[in-house]
Amino acid sequence: MKTKTLRKNKVNVITLGCAKNIFDSEVMMAQLKANQFEVEHESEKEDAEIVIINTCGFIDNAKEESINTILNWAREKEMGNVHKLYVTGCLSERYKPELEKDIPEVDAFFGTRDLPRLLKTLKADYKHELVGERLLTTPAHYAYFKISEGCDRPCSFCAIPLMRGKHTSTPVNELVEGAKKLAAQGTKELILIAQDLTYYGLDVSKKRELPDLLRRLSDVDGIEWIRLQYAFPSGFPMEILDVMNERKNICKYLDMPLQHATTKMLTAMRRGITREKTDALIQQIREKVPGIALRTTLITGFPGETKEDFEEMKSWVEATRFDRLGVFQYSHEENTHAYGLKDDVPARTKKKRADEIMEIQSQISFELNQQKVGKTYRILVDRVEGDYFVGRTEFDSPEVDNEVLVSKKKHFLRIGDMVDIKIEQAEHYDLFGSPVE
Ligand code: SF4
């Protein structure tokens, strides 16, 4: 029944979920390569004898995607197209006993902090000397940069602490070493990620060390952009903004998930902040760093969310005019604090509310983009797509934010270059422009 020749000692790594999982897969791939495995990420050839799936267990949709991916590869294994199938990551951390029982085709399941054991199972060693080494799966010019693992926050809807454990900051020197190695291989943009970026250092020195870390990373030669994602609003260290103003290579961009607008919902979500304090923080950030792009994420349909709560959130989104915004529909996750509440908002209402928010945001994004026409922005060229070179300004993170499109018919750009582009036309999420001569 075997249909193809599988390459001995070749590993195909499949990554699901968020940028933190991408980072973990890249670290795992560097370890495998150093142990003489041939490694590919989401290989189209599918000729690897070993497949490792790095799963996501965040919310329903993500869990479903992870389970379907495992089942697909389990079928491939039964058909002889894979010899060994391993599963790691958040879903595996959270549901190992159930998965082991339900999907016996998988050779072994590993948790989120189990890389040494996974390597041992492949008769490989965990090489400590590889600190900061990664095999990038993103284009070489940008890299996700995880500065800590886990989370100590009590957000009532969130299962991440169950899967990622307590907050653990990665030592500064290790991060600076990692940044130097990336810069040496041509990386220009570091996208700083964590469960809660602003918590950095509190577990080590009881002090918020992110501002100092930013200065150290900003000193690394070759790093042109440092982007901040997943900042937490409560206890937000304002000194970060001073460093942002002080250092040209720290993007005037801040991703800060706020989740909701009403104090009633924020309290039920155990976010440790009120509506008034949230608005004051946003105002302070915009005053301290004029022109900063603010990205946020919201949840619709949290237990107890009334029509009035939602109306208040809608008018807040209209008034606050975030530069970038994403919405999740509440997912009732067992073993979270909110699981004890009644999931009383129907799924279609959760979806309808999420769509309404995105409708409002799409109009705001269109209006804000019109103000960019005629202006020149430095972009990082990410890729070619159809008739266009596609890039981003410092106000846009990959995959989730706006893009700048430059016609291939009229111009030539090199992927990975930073180029000044004059914006000629703007749509809801795309800008069109030409290089400044
Ligand atoms: S900060 Fe809150 S939402 Fe974010 S990972 Fe931690 S517990 Fe979850």
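What you see is a predicted model; the values in this text were computed from it and never measured.

Re the site of the ligand
Surveying the vicinity of the ligand reveals the residues Cys 151, Arg 153, Cys 155, Phe 157, Cys 158, Ile 160, Pro 161, Gln 195, Phe 232 and Arg 271. Each residue belonging to the shell around the ligand can be placed in one class, and the counts come to seven nonpolar, one polar and two charged.

Digging into the packing of aromatic side chains
One pass over the full model with this rule turns up eight aromatic pairs. Each ring, one from Phe 389 and one from Phe 412, has its centre 5.9 Å from the other, and the planes form 90 degrees; the classification is edge-to-face. One end of the pair, Phe 389, is in strand E15 (residues 388–392); the other, Phe 412, is in the loop between strand E16 (403–407) and strand E17 (418–426), and 23 residues separate them in sequence. For Phe 412, a relative accessible area of 65% gives the class exposed. The ring of Tyr 230 has Lys 20 sitting right over it, with the charged end atom 3.5 Å from the ring centre. Lying across the ring of Phe 232, Arg 153 places its NZ or CZ 3.8 Å from the centre.

Thoughts on the sheet that holds strand E10 (residues 225–228)
Strand order in this open sheet of six strands is E6-E9-E10-E11-E12-E13, and the pairing throughout is parallel. Edge positions in the sheet fall to strand E6 (142–146) and strand E13 (324–329), since each of these pairs with one other strand and no more. Across this sheet, the average inter-strand angle for adjacent strands is 20 degrees, counted without regard to direction. Pairing analysis gives three bridges linking strand E11 (residues 250–255) to strand E12 (residues 293–300), with the strands arranged parallel. Pairing of Asp 255 across the sheet is with Arg 295, part of E12. Taken strand by strand, helix H1 (residues 19–34) contacts E6 and strand E9 (189–193), and its axis lies near 95 degrees from that of E6. Along the sheet, helix H8 (residues 210–218) contacts E6, E9, E10 and E11; its crossing angle with E10, the most-contacted strand, is approximately 155 degrees.

Some thoughts on the pattern of salt bridges
Summed over all chains, the structure comprises 51 salt bridges. Here Glu 38 and Arg 7 are joined by a salt bridge, their closest N and O atoms 3.0 Å apart. Taken as a pair, Glu 38 in strand E2 (residues 38–41) and Arg 7 in strand E1 (residues 7–15) lie far apart in primary sequence, 31 residues in all. Since its relative accessible area comes to 30%, Glu 38 is described here as partly exposed. Residue classification places Arg 7 among the partly exposed positions, given a relative accessible area of 40%. With its nearest N and O atoms 2.5 Å apart, the salt bridge here joins Asp 309 to Lys 264. Here Asp 309 is found in helix H12 (residues 307–320), whereas its partner Lys 264 is found in helix H10 (residues 263–268), with 45 residues between them in sequence. Of the residues examined, Lys 264 reaches a relative accessible area of 43% and is grouped as partly exposed. Taken together, the salt bridges that share partners define one network made up of Lys 207, Glu 209, Asp 212, Arg 215, Asp 219, Glu 239, Glu 246 and Arg 247.

Focus: the environment of Arg 247
Note on placement: Arg 247 falls in the loop between helix H9 (239–246) and E11. Taking relative accessible area as the criterion, Arg 247 reaches 19% and is therefore assigned buried. Along the sequence, Arg 247 and Glu 98 sit 149 residues apart, while their C-alpha atoms lie 49 Å from each other. Ignoring sequence-local partners within four residues, the contact set of Arg 247 consists of Arg 215, Ser 218 and Asp 219. Within polar-contact distance, the side chain of Arg 247 engages the backbone oxygen of Arg 215 at 3.3 Å. Side chain to side chain, Arg 247 and Ser 218 meet in a polar contact 3.1 Å long.

Topic: unusual backbone geometry
Here Asn 9, not a glycine, exhibits a phi torsion of approximately 60 degrees, which is positive. By the secondary structure assignment, Asn 9 is in strand E1. The residue Lys 206 is not glycine, and still its phi comes out positive at about 60 degrees.

Looking at the sheet that holds strand E14 (residues 376–385)
The five strands lie next to each other as E14-E15-E16-E18-E17, forming a closed barrel whose pairing is mixed. The average angle at which neighbouring strand axes cross in this sheet is 55 degrees, direction not considered. As paired elements, E15 and E16 share four bridges and run antiparallel to each other. Its bridge partner being in E16, Tyr 388 is matched across the sheet by Ser 407.

What counts, and at which threshold
Residues numbered from 1 in each chain as written. Predicted model: local features only at pLDDT ≥ 70, side-chain atom pairs only at ≥ 80, totals over all residues. Heavy atoms only, no water. Near = heavy atom within 4 Å. Nonpolar A, V, L, I, M, F, W, Y, C, P; charged D, E, K, R; others polar. Phe/Tyr/Trp six-rings, centres within 6.5 Å; stacked < 30°, edge-to-face > 60°. Helix = DSSP H or I, 4+ residues; strand = E, 2+ residues; numbered from the N terminus. Buried < 20%, exposed > 50% of the residue type's maximum accessible area, 1.4 Å probe, protein only. Lys NZ or Arg CZ within 6 Å of the ring centre and 35° of its normal. Pairing = 2+ DSSP bridges. Axes fitted to C-alpha atoms, helices over the stretch in contact; angles between N-to-C directions. Contact = heavy atoms within 4.5 Å. Salt bridge = Lys/Arg side-chain N within 4 Å of Asp/Glu carboxyl O. Polar contact = N/O pair within 3.5 Å; in protein donor to acceptor, adjacent residues only side chain to side chain.

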